[in-house]
Amino acid sequence: MSGNGACNGTKNGVSNGSAYYRSNPYQPVPDFLSNVDKFKIIESTLREGEQFANAYFDTETKIKIAKALDEFGVDYIELTSPAASEQSRRDCEAICKLGLKAKILTHIRCDMRDAKLAVETGVDGLDVVIGTSSFLREHSHGKDMAYIEKTAIEVIEYIKSKGLEVRFSSEDSFRSDLVDLLSLYKAVDKVGVHRVGIADTVGCATPRQVYDLVRTLRGVVSCDIETHFHNDTGCAVANAYCALEAGATHIDTSVLGIGERNGITPLGGLMARMVVTAPEYVKSKYKLHKLKEIEDMVAEAVQINVPFNNPITGFCAFTHKAGIHAKAILNNPSTYEILDPADFGLTRYVHFASRLTGWNAVKTRVKQLGLSMTDDQVKECTAKIKALADIRPIAIDDADSIIRSFHISLQPQPHRPSEPVPTDEVIPAEEEPEPAA
Ligand SMILES: CC(=O)SCCNC(=O)CCNC(=O)[C@H](O)C(C)(C)COP(=O)(O)OP(=O)(O)OC[C@H]1O[C@@H](n2cnc3c(N)ncnc32)[C@H](O)[C@@H]1OP(=O)(O)O
Ligand SMILES: O=C(O)CCC(=O)C(=O)O
Ligand SMILES: [Zn+2]
């Protein structure tokens, strides 16, 4: 019962004579700016995720998470600054020594002391950040734009001189002055920064604002563009998608979205969005069937439950309940599923134990139980399931019991010695029935 034919399209729309058609109806119209089918992931569970209120990662846990993310196929793993604590520095060194395929980054303030400490850890690159909004310039670090630009250039040139990759990012980009921001990015691009970053630090941006800012920036710098979205207003996945459409190249994620406050773009949520848009790219690059294992590992490490409505791995993400849905899903899963659970090593479940259950779902269950009923009998049995479900919530076992006992009631009743038996049905004792003529 798997297969989501409608979204297994080719990479790009193809021209069929004069008529343009796309075999994947969810694929966006080709756009020269868009990177929706060639983005990279900077996985920040071990940096932004450590800023989640419940997070405490010991070295062993960090290593386990880093290895799992590497196996999943993320491009970069971002680690907490070695300036944060002595153990953070040691953990950074330990993860660098694992020899993972993913590039290892650490995240530092725009400060030469942090940069000097970080380059000694063995990382492949440094993510440098400083707040540019008036809120942060005034109340966080107290520096003006001229100081920020001068220090950014010094730090970037120093990191480059050590042969490492360097990204420069403005914290609180969406509440920063656009002219200030663009001239700062232009200056760092000129000295050869590898990526610039835009961060929606407070989660205030809308998808349209994201599109506009990234698109404008795309016209100003030639380096890669990384983006980072907080989820305070629930837009983190949509904003990441719009950033890619507008030409961003890298998206920051964390497992289950953990981070400061209610976190950032979740890895799983982004995968759900992108596998629909760019199935070939996503399925060939990322080991999607490992997602549940990674989410369970991180959920346990930070002592939370995976939310019921989590994309892909929420307990009911592939459960179909109402009768109308169940019937159509049983005929063709694409009717009510945009994601194929098989892509994630998961299975769908069709509910058949509620007052919303329809006879088509019950018919399937009857078959699964190896029983046989006419359609009219299944409908009668469905009415019995609904009648009980009107009184109380019922479990699978309850529905199965109703199905089985209804099925038994349909069979000819066996003779019970204590009951009076009509004389015309008596088979003489010790005698074989006469073979039929
Ligand atoms: C939006 C984000 O998530 S950014 C990443 C956040 N990550 C972290 O904060 C990592 C964990 N942090 C820490 O361990 C500590 O805050 C440290 C080690 C970085 C700094 O600790 P402390 O020296 O005790 O300073 P404290 O945390 O109280 O204040 C931050 C200091 O950094 C300065 N600062 C803040 N942001 C920046 C920046 N982007 N670049 C340079 N300096 C900065 C502030 O001015 C302040 O300096 P001060 O000592 O002159 O007051
Ligand atoms: O370094 C960045 O780009 C983002 C930093 C951060 O976590 C934020 O601004 O929310
Ligand atoms: Zn953040």
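What counts, and where the lines are drawn
- Along each chain, numbering runs from 1 in the same order as the chain's sequence is written.
- Numbering of ligands from 1 and lettering of chains from A proceed in the order in which they are written.
- Two thresholds apply to this predicted model, a pLDDT of at least 70 for residue-level local features and 80 or more for giving and counting side-chain atom pairs, whereas whole-chain, interface and lining totals are computed over all residues.
- Side-chain numbers here rest on the full set of heavy atoms in the structure, without hydrogens or water.
- What is meant by a nonpolar core is a set of buried Ala, Val, Leu, Ile, Met, Phe, Trp, Tyr and Cys residues, joined one to another through side-chain atoms within 4.5 Å.
- In this scheme, a residue with accessible area under 20% of its type's maximum is buried, one over 50% is exposed, and one in between is partly exposed, where area comes from a 1.4 Å probe on protein chains only.
- UniProt positions are given in the numbering used here, feature names are shortened, and annotations may be inferred rather than shown by experiment.
- The numbering of helices and of strands both runs from the N terminus, where a helix is a DSSP run of H or I of at least 4 residues and a strand a run of E of at least 2.
- Because no water is among the atoms considered, metal sites can look incomplete, with donors defined as N, O and S atoms within 2.8 Å of the metal, or 3.2 Å for Na, K and Ca.
- Nearness of a residue to a molecule or strand requires only that one of the residue's heavy atoms be within 4 Å of it.
- Within 3.5 Å is the distance limit for a polar contact, defined as a pair of N or O atoms, with the added protein rule that one can donate a hydrogen and the other accept it, and that residues adjacent in sequence qualify only through two side-chain atoms.
- The accessible surface values rely on the Shrake-Rupley method and a 1.4 Å probe; as for residues, cover is taken only from the protein chains in view.
- Amino acid classes used here: Ala, Val, Leu, Ile, Met, Phe, Trp, Tyr, Cys and Pro are nonpolar; Asp, Glu, Lys and Arg are charged; the rest, including Gly, are polar.
- Every angle, taken between N-to-C directions, lies between 0 and 180 degrees, and every axis is a line fitted to C-alpha atoms, over only the stretch in contact when it is a helix.
- Working rule for angles: under 35 degrees goes down as roughly parallel, over 145 as roughly antiparallel, 65 to 115 as roughly perpendicular, anything else as oblique.
- By definition, residues are in contact when any of their heavy atoms lie within 4.5 Å.
- We place a 1 Å grid over just the protein atoms. Points where a 1.4 Å probe fits but has no way out form a cavity, open points with protein on both sides within 12 Å along at least 5 of 7 lines form a pocket, and any residue with an atom within 4 Å of a point lines it.
- Grid points are joined across faces, edges and corners, and a volume is the space filled by probe spheres set on the points.
- Here a strand pair is declared whenever DSSP counts at least two bridges between the two strands.
- To be counted as sitting in a cavity or pocket, a molecule needs more than half of its atoms within 2 Å of that site's grid points.

**With respect to the nonpolar core**
Here is step 1: Ile 77 and Phe 168 are the most contacted members of the largest nonpolar core, which has 94 residues in total.
Here is step 2: By size, the runner-up hydrophobic cluster in this structure holds 21 residues, among which are Ile 329, Leu 330, Val 366 and Leu 369.

**Some details on the UniProt feature "domain: Pyruvate carboxyltransferase" (unreviewed entry) in the protein**
Here is step 1: In this numbering, the UniProt entry assigns the feature "domain: Pyruvate carboxyltransferase" (unreviewed entry) to residues 39-292.
Here is step 2: Helix makes up 44% of residues 39-292 and strand 18%, and the two end C-alpha atoms of the span are 22 Å apart.

**Quick look at the coordination of the zinc ion (ligand 3)**
Perfect tetrahedral coordination of a metal by four donors corresponds to 109.5 degrees between them, and perfect octahedral coordination by six donors corresponds to 90 or 180 degrees.
Here is step 1: The protein atoms that coordinate the zinc ion (ligand 3) are Glu 48 (OE), His 228 (NE2) and His 230 (NE2), at distances of 2.0 to 2.1 Å.
Here is step 2: The sequence pattern formed by the donor residues of the zinc ion (ligand 3) is E-x179-H-x1-H. Of this pair, Glu 48 sits in the loop between β3 (40-43) and α1 (59-72) while His 230 sits in the loop between β9 (224-229) and α8 (236-245); the two residues are 182 residues apart in sequence, bridging distant segments of the chain.
Here is step 3: A relative accessible area of 2% means that Glu 48 is categorised as buried.

**Focus on the site of ligand 1**
Here is step 1: In the vicinity of ligand 1 lie 13 residues, with Gln 51, Arg 109, Cys 110, Val 129 and His 141 positioned nearest.
Here is step 2: In this structure, Val 129 approaches ligand 1 through a main-chain N or O atom, which is 2.8 Å from a nitrogen atom.
Here is step 3: For ligand 1, whose unbound accessible area comes to 1000 Å², protein coverage reaches 51%.
Here is step 4: Broken down by secondary-structure element, the contributors of at least two residues to the shell around ligand 1 are β5 (103-109) and β6 (125-131).
Here is step 5: A class-by-class count of the residues in the shell around ligand 1 yields five nonpolar, five polar and three charged.

**With respect to the packing of helix α12 (residues 323-331) against helix α13 (residues 359-368)**
Here is step 1: For the pair α12 and α13, interaxial distance at closest approach is 7 Å and the crossing angle is 50 degrees. As judged from the angle between their axes, α12 and α13 are oblique. Seen from α12, the contacting residues are Ala 326, Lys 327 and Leu 330; seen from α13, they are Asn 360, Ala 361 and Thr 364.
Here is step 2: Here the residues of the contact of α12 with α13 sort into three nonpolar, two polar and one charged.

**Thoughts on the layout of surface pockets**
A probe matching the size of a water molecule, rolled over the atoms, marks out where space remains unfilled.
Here is step 1: In this model, the largest pocket occupies a volume close to 770 Å³.
Here is step 2: Taken together, the elements giving at least two residues each to the lining of the largest pocket come down to β5, α3 (112-119), β6, α5 (145-161), β7 (165-171) and β9.
Here is step 3: Here the residues of the lining of the largest pocket are counted per class, giving eight nonpolar, twelve polar and 15 charged.

**Quick look at the sheet that holds β6**
The strands that make up a sheet pair up through hydrogen bonds in the backbone, lying either parallel or antiparallel.
Here is step 1: Strand order in this closed barrel of eight strands is β3-β4-β5-β6-β7-β8-β9-β10, and the pairing throughout is parallel. With direction set aside, neighbouring strand axes in the sheet form an average angle of 25 degrees.
Here is step 2: With four bridges connecting them, strand β4 (residues 76-79) and β5 associate as parallel partners. Counted as the bridge partner of Tyr 76 is Lys 103 from β5.
Here is step 3: Packing of α8 onto the sheet brings it into contact with β8 (195-200), β9 and β10 (250-253), and relative to β9 it is tilted by some 165 degrees.

**Focus on the site of ligand 2**
Here is step 1: Close to ligand 2 lie Arg 47, Glu 48, His 107, Val 129, Arg 167, Ser 169, Glu 171, Ala 199, Thr 201, His 228 and His 230, which account for all nearby residues.
Here is step 2: Contacts to ligand 2 include His 228, whose side-chain N or O atom sits 3.0 Å from an oxygen atom.
Here is step 3: His 230 is positioned such that a nitrogen or oxygen atom in its side chain is 2.9 Å from an oxygen atom of ligand 2.
Here is step 4: Coverage of ligand 2 by the protein chains reaches 94% of its 290 Å² of free accessible surface.
Here is step 5: With respect to the pocket detection grid, ligand 2 is positioned in the largest pocket.
Here is step 6: If you tally residues by element for the shell around ligand 2, the top one is β7, at three residues.

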